[in-house]
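# Observations on the three-dimensional arrangement
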Amino acid sequence: MVQLDVEKVISELTLGEKVALTAGIDFWHTASIKRLNIPSLRTSDGPNGVRGTRFFNGIPAACFPCSTALGATWDTDLLHKVGQLMADEAIAKGTHVILGPTINTQRSPLGGRGFESFSEDGVLSGTLAGHYCKGIQEKGVAATLKHFVCNDQEHERMAVDSIVTQRAMREIYLLPFQIALRICQAKCFMTAYNKVNGRHASENKEILDGILRKEWGWNGLVMSDWFGTYTTSDAINAGLDLEMPGKTRWRGQALAHAVSSNKVPEFVLDERVRNLLNLINYADGLGIPENAPEKALNRPQDRELLRRCAAESVVLMKNQGNILPLNKAKSILVIGPNAKLAAYCGGGSASLDPYYTVTPFEGVTAKSKGEVRFEQGVYSHDQLPLLGPHMKTEDGKTGFMFRVFNEPASQSNRELVDELHLVSSSGFLMDYVNPKIKSMTYFVDMEGYFTPEEDGLYDFGVIVVGTGRLMIDGEVVVDNTKNQRQGSAFFGTATVEEKGSKQLKAGQTYKVVFEFGTAPTSDLDTRGIVAFGPGGFRFGATRRVSNEELIANAVEQAANADQVVIFAGLTSEWETEGHDREHMDLPPGSDELISRVLKANPNAVVVIQSGTPVTMPWVNDASALLQAWFGGNECGNGIADVLYGDVNPSGKLPLSFPVRLEDNPSFLNFRSERGRVLYGEDIYVGYRYYERAKITPQFSFGHGLSYTSFARSGLAVESSPEGSTLDNETVTATVTVKNTGKVPGSEIVQLWIVPPKTVVNRPVRELKGFQKVALQPGEEKKVQITVEKKLATSWWDEQRNAWASEKGIYGVLVTGTGEEKLKGEFEVKKTRFWTGL
Ligand code: BGC
């Protein structure tokens, strides 16, 4: 590729060509104009791996721990490395633009995509995002900050109006974007689906043009979220450069008409095109050919980094009596629904087909030198386990055949248009293409054989975006074609799982046929929901078992076991894009299992995997508790590294874990009601609320223990002299940190500012800086954290429409592992106001 002479190209483009450049051509690509050597760019999700161009039957990819996990590392160097590997993965997938990181704010533990953003705090989130973007962009790939802004819930995500004060907008919701940009000028932004104070984000001039471009001086490309463009002229005039995905709904002829009729001035269209051409010039250095083939990297050094991320994200929440680390020489009983299941990532567009996964059970087994036993305890699936991997094709391959037709099964003499061999019986067809398919309405017969290992009553489940019938030996066991009910799978577009059951015999082979019709064959009402392409299917099955029996077995074994570890938590079925959780509890049965095992063996270690907080009614009975997240490819190894002490845990919570949902400040206002959601807690999100309202959470933001101990001493605070503007003024805290224990460990030094009494109420304290430091036993290091004074002191003044750095004495707190707080202060003598990045 050659660098385009942007202005010359703009002068040579016809109106039709310019218009074409402002919209995608398919799910992942921008338009090309061969005549002027303008190539097409490829985009791909983001944020915990690079999936490539296919949700359905794609090429596997590296999966990083989810963003709350990465948030728990508080490690900017690590995030930089993550960004670099993301870029390598992108290049392997022929991708120029990564659609990530996600830096929305977890107002509530219920947010379906809470796992996708780093933190409830803008400084932590924005700083980590900035370093992640740096890693990506150093390699020439473009990063995308998303979703701009206030896309903090899934309920009616396209239709909801986020009603938020300007102060909360600045201090909470825009802050991560602002901070990330200060560290790295991400090349792209993706707009949010929702409205912000009455206007959809993708046509919100005040935000896109006023704040992002003018006030922050940013000059990259703004794209819509997928199907999140809702107008022609308003969106383009507001600053939305690119409508995604294609084929266009709002540009094309409609935009040409709008330009011809002067609803959109041509110079505005030129500006949109200019932003795309600049992005093309930026991405040119990658040398990725158009429509590049997709490869799987899966290199040994990458696996090491993924394992490090997984281990360093684990938060040691409790360790009474130093039960942890476990002893490799002793036998161990592994219990629980998440033990033999790899909860490697959350659901939705962040999900991908991983190169491989390691379950916690496998991680423990690989390390233990003693006997490893297993008890299921309970199952935690929301949907029945996929049947595909337990099926065989006629010629004995694992999986089933997937046969595509333009006509329904009822029609004779159908012509087969495609035939694939699949293993996963879950497929989202949004990016499946076949030139012989005539329209969005088509039909697929899936066929294979199932031979159960045990006699019993088997439950079968079918979820569809479309219609589907599951037949066993010709008998319809599940019919999900009529009276369909809205569910949460496939970004909230699918039906609930409809179930049926059948008695099966061990060793007997049954023929399984699943007849599927795409989305247009369904009559579900999809208002407020983002409809993605031709649909999706999922069919699963399991032998029916009683939880009571499973729990009783686990409890009996636990009573006399040497060491016990319980793995419980959520999965991508419970935490997923398109659907907010309905409550904060673990899946049914899990709390009972944990409580009863802890009664039988109080030394049992509990490991919770989730992207966001869960309630823990048994927490006072647990002596040792780890919070592990959706840990990516290396999830099980990372957890085992911490359990056995090969890695000393250093993770700190990036989110507050309330005791109960009702304690969360968004509790009264976390769903769309008549099309709006009131951000009623204002700036008091997460710890800002719990501290101000004196509500003690179960585990606080920043909490995390270690297998060693640290001492902090000698805090010195230096504040640079005041000038007429705040530019270049800093506050520096210097502190000595010592590892006072017996094993090496890393400490996360946290710097907080306590504001003086100002004209508005403010949080008790706010995080303003942090640094991770590794220390050998007995070693001490000086840690210096410097923060710009304007960021350390300011609140958003709505009357002035500016940040206010008020005069007064500001407290400085330095915290880390344990309760000890070092205190200092500095003075601001003059009140000053500022705007800009
Ligand atoms: C998500 C985006 C994602 C896009 C493409 C949307 O549903 O909100 O974050 O990048 O799909 O998969």
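What counts, and where the lines are drawn
Residues numbered from 1 in each chain as written. Predicted model: local features only at pLDDT ≥ 70, side-chain atom pairs only at ≥ 80, totals over all residues. Heavy atoms only, no water. UniProt positions renumbered as here; feature names shortened; annotations may be inferred. Near = heavy atom within 4 Å. Polar contact = N/O pair within 3.5 Å; in protein donor to acceptor, adjacent residues only side chain to side chain. Areas by Shrake-Rupley, 256 points an atom, 1.4 Å probe, with all protein chains shown as cover. Nonpolar A, V, L, I, M, F, W, Y, C, P; charged D, E, K, R; others polar. Helix = DSSP H or I, 4+ residues; strand = E, 2+ residues; numbered from the N terminus. Salt bridge = Lys/Arg side-chain N within 4 Å of Asp/Glu carboxyl O. Buried < 20%, exposed > 50% of the residue type's maximum accessible area, 1.4 Å probe, protein only. Contact = heavy atoms within 4.5 Å. Axes fitted to C-alpha atoms, helices over the stretch in contact; angles between N-to-C directions. Parallel < 35°, antiparallel > 145°, perpendicular 65-115°, else oblique. Left-handed = near helix turned anticlockwise from the far one by under 90°. Domains from an automatic or database assignment. Buried area = accessible area lost by both parts, 1.4 Å probe. Pairing = 2+ DSSP bridges.

Per an unreviewed UniProt entry, the chain carries the name beta-glucosidase and comes from Aspergillus sclerotialis. Taken verbatim from the UniProt record of the chain, the Sequence similarities (unreviewed entry) comment is "Belongs to the glycosyl hydrolase 3 family." Regarding the chain, the UniProt comment filed under Subcellular location (unreviewed entry) reads as follows: "Secreted".

The next point concerns the site of the ligand. Around the ligand, a shell composed of 15 residues is seen, among which Asp 45, Arg 113, His 147, Asp 225 and Glu 577 lie nearest. Tyr 193 has a polar side-chain atom sitting 3.1 Å from an oxygen atom of the ligand. Here an oxygen atom of the ligand sits 2.5 Å away from a polar atom, N or O, in the side chain of Glu 577. Coverage of the ligand by the protein amounts to 100% of the 310 Å² it exposes when considered alone. Classifying every residue of the shell around the ligand gives seven nonpolar, two polar and six charged.

In this structure, the amide linkage connecting Phe 148 to the following residue, Val 149, adopts the cis form with an omega of 10 degrees. Turning to its location among the elements, Val 149 is positioned in the loop between β3 (142–148) and β4 (161–163). For the bond from Leu 324 to Pro 325, the omega torsion is 0 degrees, close enough to zero to count as cis. Within the element layout of this structure, Pro 325 appears in the loop between β9 (315–319) and β10 (332–335). You will see that Asp 473, though not glycine, has its phi angle at about 45 degrees, which is positive.

The next thing to look at is the pattern of salt bridges. Applying the stated criterion across every chain yields a total of 62 salt bridges. When the shortest N-O distance is used, the salt bridge between Lys 8 and Glu 12 registers 3.3 Å. Taken together, the residues span about one helical turn, with Lys 8 and Glu 12 both in helix α1 (residues 6–12) at a distance of four residues. For Glu 12, a relative accessible area of 33% corresponds to the partly exposed category. Put simply, Arg 113, Glu 116, Glu 154, Arg 157 and Glu 577 are held in one network by salt bridges that share partners.

This brings us to the side chain of Asn 338. Along the polypeptide, Asn 338 turns up in the loop between β10 and α13 (360–367). A distance of 3.5 Å separates a polar atom in the side chain of Asn 338 from a polar atom in the side chain of Gln 609. Contact partners of Asn 338, with chain neighbours within four places excluded, come to Ala 343, Pro 360, Ser 380, Phe 567, Ala 568, Gly 569, Leu 570 and Gln 609.

The next point concerns the packing of helix α12 (residues 300–313) against helix α17 (residues 635–643). Each packed pair of helices is defined by two parameters, the angle between the axes and the distance between the axes. Here α12 crosses α17 at 50 degrees, and the two axes come no closer than 8 Å. In this view, α12 runs oblique relative to α17, as classed from their interaxial angle. As for the relative orientation of α12 and α17, their crossing is right-handed in sense. Contacts from Arg 307, Ala 310 and Ala 311 in α12 reach Cys 635, Asn 637, Gly 638, Asp 641 and Val 642 in α17.

Bringing the packing of helix α5 (residues 122–138) against helix α7 (residues 175–183) into the picture now. In contact at an axis separation of 7 Å, α5 and α7 are set at 40 degrees when each is read in the N-to-C sense. For the pair α5 and α7, the crossing hand works out as right-handed. Residues Gly 122, Val 123, Ser 125, Gly 126, Thr 127, Ala 129, Gly 130, His 131 and Lys 134 of α5 pack against Leu 175, Pro 176, Ile 179, Ala 180 and Ile 183 of α7. By residue class, the composition of the contact of α5 with α7 is seven nonpolar, six polar and one charged.

Reports often express the size of an interface as the amount of accessible area lost when the parts come together. You can read the domains of the chain as domain 1 (39–246), domain 2 (306–381 + 546–693), domain 3 (388–424 + 433–533) and domain 4 (710–834). Contact with domain 1, which involves 65 residues of that partner, is made by 64 residues of domain 2. Taking both partners together, domain 1 and domain 2 bury about 5,300 Å²; carbon and sulfur atoms supply 58% of that area. It is Arg 107, Leu 110 and Glu 120 in domain 1 that bury the most area against domain 2; as a group they hold 16% of the surface buried on that side.

The subject of this paragraph is the sheet that holds strand β32 (residues 795–797). Taken together, three strands build an open sheet; the order of strands is β32-β33-β36 and the sheet is antiparallel. At either end of the open sheet lies a strand with only one pairing partner, and these are β32 and β36 (832–834). Averaged over all adjacent pairs, the angle separating strand axes in this sheet is 40 degrees, with direction ignored. Pairing of strand β33 (residues 802–805) with β36 involves three bridges; the strand directions are antiparallel. Opposite Ala 804, over in β36, you have Phe 833 as the bridge partner.

Here strand β17 (residues 456–465) lies mainly inside the structure; nine of its 10 residues are buried. Sheet topology note: the β17/strand β20 (residues 498–504) ladder contains seven bridges and is antiparallel. Each bridged residue has a counterpart across the sheet, and for Asp 459 the counterpart in β20 is Ser 501. For β17 and strand β22 (residues 536–543), the ladder comprises eight bridges, and the chain directions are antiparallel. By the bridge assignment for β22, Tyr 458 is matched with Arg 543.

This paragraph deals with the sheet that holds strand β27 (residues 710–719). Strand order in the open sheet made by the three strands is β27-β28-β31, with antiparallel pairing throughout. Among the strands making up the open sheet, the edge pair consists of β27 and β31 (780–788). Each adjacent strand pair in this sheet contributes to an overall mean axis angle of 20 degrees, direction not counted. Taken together, the eight bridges between β27 and strand β28 (residues 730–739) define a ladder with antiparallel strand orientation. Looking at β28, one finds that Glu 718 is bridged to Thr 732.

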